[in-house]
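Chain and residue survey
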Amino acid sequence: MFAEDEAELIMATARTPDHLADLVGRRVAGLPLEQVLGWAEFHGLRIAVEPDVFVPRRRTEFLVDQALAQAPDAAVVVDLCCGSGAVGASLAAALGAVELHAADVHPAAVRCARRNLAPVGGRVHQGDLFAALPAALRGRVDILAANVPYVPTGDVGLLPPEARDHEPVVALDGGADGLDVLRRVTAGVPDWLAPGGCLLVETSARQAPAAVAAFTASGLTARLAVSEELEATVVVGTRG
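As the structure is a computational prediction, the values presented were derived from the model and not from experiment.

**Topic: the overall build of the chain**
Across its full length, the chain carries nine helices and nine strands. For the chain, the spread of C-alpha atoms along the principal axes amounts to about 60 × 40 × 30 Å. The buried share among the 240 residues of the chain stands at 54%. Of all intrachain contacts in the chain linking residues separated by at least 6 positions in sequence, the fraction that spans at least 24 positions is 62%. A total of about 10800 Å² of accessible surface is found on the chain, and carbon and sulfur atoms cover 55% of it.

Below, the structure written as structure tokens:
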């Protein structure tokens with residue numbers, strides 16, 4: 001985004017001259033624009049974003065689109081590693097009346113996701129991956145979207161300061177090769193998907209072959225979806 005566009009958004013958000021000065025100061029200090037504004041635009045929605053919460057990326061809209069194309073009649077949706085809950089909110093907005101659950105290990109993310117998902121009746125759980133979910137969901141999930149951290153540990157320090165300094169490391173660091181959390185999700189997901197249900201995970205082009213292999217090792221039929229426009233890579237796995 002151009003500086004002029006950022007300035008317009010900040011001025012439109014400011015309630016008073018003092019508030020404007022505070023917002024500008026926070027942005028100059030390096031806070032992500034979305035955390036300064038308190039919201040991010042995602043898949044046509046305005047998603048609340050709080051401090052110390054992962055900012056939803058526009059490329060992740062591609063994951064939402066792939067989920068809707070794969071399971072347009074989904075009735076049960078899970079947004080795992082949900083952050084702000086942007087993916088879950090977008091799926092619920094598109095699908096209509098769904099049973100929506102979301103989970104994250106980070107307390108700030110859980111609090112923020114509850115703000116975003118309450119209007120669509122979503123339930124947000126705190127905990128580590130599947131351990132956070134109600135047991136009653138086993139074998140019933142039509143769409144399980146997991147926007148897992150996939151930055152290799154050694155690369156976290158190379159991220160832009162907005163991410164490196166102001167987003168939780170648990171939402172960024174995916175382990176030595178960036179795929180630690182992805183492997184845990186693919187290993188555990190077969191028990192949770194309904195027949196024909198799908199798992200969708202965002203990754204990088206470099207990691208895609210290993211990610212697809214992890215899906216296949218868990219018994220899922222995997223395909224790779226790529227958007228050059230959004231620079232997005234998503235692995236889609238379906239339970240037979």
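**Concerning the layout of surface pockets**
In this approach, a probe sized like a water molecule rolls over the atoms, and the result shows the empty space that is left. Each pocket or cavity is described by its volume, and for the largest pocket that value is around 1000 Å³. Around the largest pocket, the lining comprises 43 residues; the ones closest to its centre are Val55, Pro56, Arg57, Arg58 and Arg59. Taken together, the elements giving at least two residues each to the lining of the largest pocket come down to helix H1 (3–13), helix H3 (33–37), strand S1 (39–42), helix H7 (161–166), strand S7 (193–203) and strand S9 (232–238). Each residue belonging to the lining of the largest pocket can be placed in one class, and the counts come to 23 nonpolar, six polar and 14 charged. Considered as a void within the structure, the second largest pocket measures approximately 400 Å³ in volume. Forming the boundary of the second largest pocket are 29 residues, of which Cys81, Cys82, Asp104, Asn147 and Pro149 lie nearest the centre. Where the lining of the second largest pocket is concerned, the elements lending two or more residues are strand S3 (76–80), helix H5 (86–95), strand S4 (99–104) and helix H8 (180–188). For the lining of the second largest pocket, the per-class residue count stands at 17 nonpolar, six polar and six charged.

**Here's the deal with the sheet that holds strand S8 (residues 221–227)**
Strand order across the open sheet formed by seven strands is S5-S4-S3-S6-S7-S9-S8, with mixed pairing between neighbours. The two strands at the open ends of the sheet, each matched to only one other strand, are strand S5 (123–126) and S8. Strand-to-strand twist in this sheet, taken as the mean axis angle between neighbours without regard to direction, amounts to 20°. For strand S6 (residues 141–146) and S7, the ladder comprises five bridges, and the chain directions are parallel. Bridging from a neighbouring strand, Ala145 pairs with Leu200 of S7. H5 contacts S3, S4 and S6 of the sheet and is inclined by roughly 160° relative to S3.

**A look at the nonpolar core**
Counting 32 residues, the largest nonpolar core has Val77, Val87, Leu91, Leu95, Val124, Ile143 and Leu200 as its most contacted members. Elements with a contribution of two residues or more to this core: helix H4 (61–70), H5, S4, helix H6 (107–117), S6, S7 and S9. Of the residues forming this core, the biggest block, six residues, is contributed by H5. Setting aside its immediate chain neighbours within four residues, Leu200 contacts Leu63, Gln66, Ala67, Ile143, Leu144, Ala145, Ala146, Val234, Val235 and Val236. Judged by nonpolar contacts, the second largest core, of 28 residues, contains Leu80, Leu179, Val181 and Leu220.

**Quick notes on the side chain of Ser227**
One can find Ser227 in strand S8. Assessed through its relative accessible area of 11%, Ser227 is described here as buried. Those residues within four positions of Ser227 in sequence are excluded, and the remaining contacts are Phe62 and Ala232.

**Some words on the packing of H1 against helix H2 (residues 17–28)**
Two quantities define a packed helix pair, namely the angle between the axes and the distance from one axis to the other. At a minimum axis separation of 9 Å, H1 and H2 run at an interaxial angle of 140°. Between H1 and H2, the crossing angle belongs to the class labelled oblique. Handedness of the crossing formed by H1 with H2: right-handed. In this structure, H1 uses Glu6, Ile10, Met11 and Thr13 to contact H2, whose residues at the interface are His19, Leu20, Leu23, Val24 and Arg27. Classifying every residue of the contact of H1 with H2 by side-chain character gives five nonpolar, two polar and two charged.

Calculation rules
- Residues numbered from 1 in each chain as written.
- Predicted model: local features only at pLDDT ≥ 70, side-chain atom pairs only at ≥ 80, totals over all residues.
- Heavy atoms only, no water.
- Helix = DSSP H or I, 4+ residues; strand = E, 2+ residues; numbered from the N terminus.
- Buried < 20%, exposed > 50% of the residue type's maximum accessible area, 1.4 Å probe, protein only.
- Contact = heavy atoms within 4.5 Å.
- Areas by Shrake-Rupley, 256 points an atom, 1.4 Å probe, with all protein chains shown as cover.
- 1 Å grid on protein atoms, 1.4 Å probe; cavity = no way out; pocket = protein on both sides within 12 Å on 5 of 7 lines; lining within 4 Å.
- Points joined across faces, edges and corners; volume = space filled by probe spheres on them.
- Nonpolar A, V, L, I, M, F, W, Y, C, P; charged D, E, K, R; others polar.
- Pairing = 2+ DSSP bridges.
- Axes fitted to C-alpha atoms, helices over the stretch in contact; angles between N-to-C directions.
- Core = buried A, V, L, I, M, F, W, Y, C linked by side-chain atoms within 4.5 Å.
- Parallel < 35°, antiparallel > 145°, perpendicular 65-115°, else oblique.
- Left-handed = near helix turned anticlockwise from the far one by under 90°.

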